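Residue-level structure breakdown
Each chain, letter by letter, is given below.
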Amino acid sequence: MAMTDPILSESAAKVRLRRQGEVLRSLMTNPTTALGMIIIILLLGMAIFAPYLMPPNIPDPYQMPRDWGATRMPPGTPGHPLGTTNQGGDVLYGVVWGSRSSLQMSLIVVSVTVVIGVVIGSIAGIVGGWIDEALMRVVDIFLSIPELIFALAVAAILGPSFTNIILSLCIVFWVKYARIMRAQIILIRQSDYVQAARVMGDSRFNIFRRDILPNASTPIAVQATLDMGNIVLVGATLSFIGLSESGIAEWGVLVSEGQAGIASGRWWASTFPGLMIFLWALAFNLVGDGLRDALDPRTEGKR
Amino acid sequence: MMQQRLSEKSAQRKAGDTLLSVRNLCKHFPIREGILQSTVGHVRAVDGVSFDIRRGETVGLVGESGCGKTTLSQCVAGLTTPTSGEILFDTGRGGPLGQEDRIDAMPRDRYRTYRRNTQMVFQDNFASLNPRELVIDCIGRPLRVYNEASGSELTERVVELLEQVGLGRQHLYRYPHQFSGGQRQRISIARALALDPELIVLDEPTSALDVSVQAQILNLLWDLQKHRHLAYLFVTHDLSVVRHMADRTVTMYLGRVVEQGPTETIFGNAAHPYTKALLAAKPDLDDDPSVPIATLEGVVPDPARPPKGCRFHTRCPVATPDCGWEVDDIVRLLEADETLFQSLQGVARKTDLEAGLTFADETAAAALHAALGSDRVPLAMRTATETLDLNGKTVNIRFRETEEVSLTDRGEGHQAACVLGRGGQ
Ligand SMILES: Nc1ncnc2c1ncn2[C@@H]1O[C@H](COP(=O)(O)OP(=O)(O)O)[C@@H](O)[C@H]1O
Ligand code: SF4
Ligand SMILES: [Mg+2]
């Protein structure tokens, strides 16, 4: 009998999967979120398949190729659909491999800062007392300085390099997660479902793992999505100012190195990478906002 | 297997024995103010409460919103540590309940017995279920905590529990938001039943539900109790529910028990004016339960500054001169009168019963003096006034000494805290 019962063929894993499908579907019903999703998919595809789209012909693919025989070519030139830079670098190559740089940068920074933020926020929320006071004071100070200015200061101290930009972004971007995590712990800890878990005698560890973490993950996921965009924006700005290495396939660097030519009409070397920065930041912000609505367990499934 | 476990357990249960005893329980919440967060007073949410719950019985706990019902239930369920007083629980040690049975002083293994035998159902059916937990994980969780079942056995146990609350196998893999309010409350009840407890604390379990659904949940709770010999602490502000469900009824007012007794006695022959007022406001079972119960005059006083003597004397329609009249009663009177209150300059308090009130001008002082001697204050208060004189801008007043008003016996298992009708009067 058990085998013919359709309910038994159901499993928790399947239901969770289906719920993720529902979240995705409800994301796609919102037109601006859907647009963001499509842009993200294209950008990620570009980043992942860069070696096939634009096979490198130099050992370090993150260096812009140089062809001194084909400098300052306008868009539409055969072999260089988006034109070339002053040094004869193919702008399309820079755009494609730049997406890979951006993906690397944002993924590394988001994963590192989410972990740091969640750990620090959890310590503050769980331990409380003067440790909480001290940590939150640090968070307040960090948050009172605009992200860009703060990252700029740190990157300037560390010295110009792509790695140092990532490092400075990691130092700047964890604070929001700490703040969110702490607030969530305090909120969820007083919820009736945690009271219920306490009444049944469940351990503090289990309450953290089963009640606090899953419910706190929603606002963290939303913030992480928004930051995927913001990090690239701030990182590119630092590169633009000259805090990165010259000659690498990174959008901010390309914009910076191409801007000298704008006055003489060579707009393409900085416009295309600039457009990519804009698209990247826009897409993740659109999806982040959509996620906020879609992940709310009180509204999902009712639409 | 479940059946066998149940009958074993019910054999040990002797109906009528005291299962849980609350003695002189106080829970005060500090009120903090200013940047230094210094304590400026205490909300006396529960202030000296004693009562017993026997095996298999339902104790109904009633009172207006804010009188301390939730705080008391949380103490009973072990969710908050009381400020003072004790909660004793029979963990099968044998003999009468004593200091060794305090839940805050038990050895670990016996505390575990208390912990799994006292469960709770909350008012807000949405907030009491983790929105990220599937029904099977939610109801199965207590079984996992005590390593009672896992794998397919756990699934079967959860199905059994679901069926007992009128749900079924088809609900195992759903999230709380996919259910109606009544169904969610059924899930909460199933979770509370999972460990086969002896006591379930129900804090307004039906207050958030539609009227038609309320009846279904009450019937479910009723049936479960009959089958499983459960004891309930049933908290509600709805008297008709108590009348339905409770063997004994406890009435609370401002953190104190003012009356307790068998439900028929309370409903047929209430001794305390507060209980009577509640009943008069809502005498009938078939009344719309959403209509507020209290139609008493005046507001509930601040629980941080409860009235002296009988706490109900500020609102009691039959108050006597012996009910605890005090200087604070005049302060409350002044607070209600804006013009007088604004010209009040100071209260020189000798005791709770004696003070001089100084005003900015003589007219205000004279006005208060006149008011205190007129029918703007209850006759009982005027009678309790021993001195009342006007001295320029100052009104001096002194009230007579009165005794504390505590619970006294009014019949078989019936107690009330009121100066009226107590021993011989
Ligand atoms: N955690 C708390 N901190 C401060 N005051 C509280 C707290 N919980 C309850 N109170 C106060 O204690 C009193 C009793 O509250 P409660 O037990 O919720 O009453 P009821 O359940 O009867 O409505 C109220 O005055 C309330 O404001
Ligand atoms: S003691 Fe009785 S009569 Fe006096 S105020 Fe209290 S309830 Fe009313
Ligand atoms: Mg309450």
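Since the structure is predicted, the reported quantities are computational estimates derived from the model, not experimental observations.

**Regarding the overall build of chain B**
A count of helical and extended segments in chain B gives 14 helices and 15 strands. Structurally, chain B occupies a C-alpha span of about 85 × 50 × 45 Å along its principal axes. Looking at chain B as a whole, 53% of its 425 residues are labelled buried. When contacts within chain B are restricted to residue pairs at least 6 apart in sequence, long-range pairs at least 24 apart make up 64% of them. By element, 48% of the accessible surface of chain B is carried by carbon and sulfur atoms, the whole surface being about 18,200 Å². One way to put it: in chain B the 48 positive side-chain charges average out to a point 5 Å from where the 56 negative ones average out.

**What to know about the overall build of chain A**
Secondary structure assignment for chain A yields 12 helices and zero strands. Across its three principal directions, the C-alpha atoms of chain A cover 75 × 60 × 35 Å. In chain A, the share of contacts with a sequence separation of at least 24, taken over all contacts with a separation of at least 6, comes to 71%. When the accessible area of chain A is evaluated, it comes to approximately 14,400 Å², of which 68% is carbon and sulfur surface. Positive and negative side-chain charges of chain A, numbering 22 and 21 respectively, have mean locations separated by a distance of 5 Å.

**Thoughts on the packing of helix α5 (residues 129–144) of chain A against helix α8 (residues 175–189) of chain A**
Two quantities define a packed helix pair, namely the angle between the helix axes and the distance between the axes. Residues and elements named next belong to chain A. Where α5 contacts α8, the axes come no closer than 9 Å and their chain directions differ by 135°. Relative to α8, the element α5 is oriented oblique. The way α5 lies across α8 gives a crossing that is left-handed. Where α5 abuts α8, its residues Asp132, Met136, Val139, Asp140, Phe142 and Leu143 lie against Val175, Lys176, Ala178, Arg179 and Arg182. Looking at the contact of α5 with α8 residue by residue, the class counts come to six nonpolar, no polar and five charged.

**Side note on the packing of aromatic side chains**
The tally for this structure, following the rule as stated, stands at 14 aromatic pairs over all chains. With centroids separated by 6.5 Å and ring planes inclined at 50°, the aromatic side chains of Phe49 of chain A and Tyr52 of chain A adopt a geometry described as tilted. On the numbers, 5.1 Å between centres and 80° between planes, the contact of Tyr253 of chain B with Phe312 of chain B is edge-to-face. Residue Tyr253 of chain B is found in strand β8 (residues 248–253), and its partner Phe312 of chain B is found in the loop between α10 (273–281) and α11 (327–336); the two are separated by 59 residues along the sequence. Here the two residues Tyr253 of chain B and Phe312 of chain B agree in accessibility, since each one is buried.

**Here's the deal with the site of ligand 1**
All names here are of chain B. Around ligand 1, the neighbouring residues are Phe29, Val43, Ala45, Glu64, Ser65, Gly66, Cys67, Gly68, Lys69, Thr70, Thr71 and Pro303. Contacts to ligand 1 include Lys69, whose backbone N or O atom sits 2.9 Å from an oxygen atom. Within the side chain of Thr70, a nitrogen or oxygen atom sits 2.7 Å from an oxygen atom of ligand 1. If ligand 1 stood free it would expose 560 Å²; the protein chains cover 61% of that surface. Ranked by residue count, the leading element in the shell around ligand 1 is helix α2 (residues 69–76), at three residues. The residue inventory of the shell around ligand 1, partitioned by class, reads five nonpolar, five polar and two charged.

**Here we look at the domain arrangement of chain B**
We note that the domain assignment places domain 1 (2–246) and domain 2 (327–399) within chain B. Distance between the C-alpha centres of domain 1 of chain B and domain 2 of chain B: 48 Å.

**A word on the confidence of the model for chain A**
Confidence in the prediction of chain A, expressed as mean pLDDT, is 91, and 94% of residues score 70 or more. Counting interchain partners and residues more than four positions distant, the pLDDT-below-50 stretch residues 1–8 of chain A has six contacts.

**Considering the confidence of the model for chain B**
Parts of the model with low pLDDT should not have their predicted coordinates read in detail. Residue and element names in this part refer to chain B. Confidence along chain B averages 89 in pLDDT terms, with 92% of residues attaining 70 or more. Predicted confidence for residues 283–290 stays below pLDDT 50, and this span has 12 contacts to residues more than four positions away or in other chains. For this predicted complex, the interface score ipTM comes out at 0.87, alongside a pTM of 0.87.

Analysis parameters
Residues numbered from 1 in each chain as written. Chains lettered and ligands numbered in written order. Predicted model: local features only at pLDDT ≥ 70, side-chain atom pairs only at ≥ 80, totals over all residues. Heavy atoms only, no water. Helix = DSSP H or I, 4+ residues; strand = E, 2+ residues; numbered from the N terminus. Buried < 20%, exposed > 50% of the residue type's maximum accessible area, 1.4 Å probe, protein only. Contact = heavy atoms within 4.5 Å. Areas by Shrake-Rupley, 256 points an atom, 1.4 Å probe, with all protein chains shown as cover. Lys, Arg positive; Asp, Glu negative; His and termini not counted. Charge placed at Lys NZ, Arg CZ, Asp CG, Glu CD. Axes fitted to C-alpha atoms, helices over the stretch in contact; angles between N-to-C directions. Parallel < 35°, antiparallel > 145°, perpendicular 65-115°, else oblique. Left-handed = near helix turned anticlockwise from the far one by under 90°. Nonpolar A, V, L, I, M, F, W, Y, C, P; charged D, E, K, R; others polar. Phe/Tyr/Trp six-rings, centres within 6.5 Å; stacked < 30°, edge-to-face > 60°. Near = heavy atom within 4 Å. Polar contact = N/O pair within 3.5 Å; in protein donor to acceptor, adjacent residues only side chain to side chain. Domains from an automatic or database assignment. pLDDT = per-residue confidence, 0-100.

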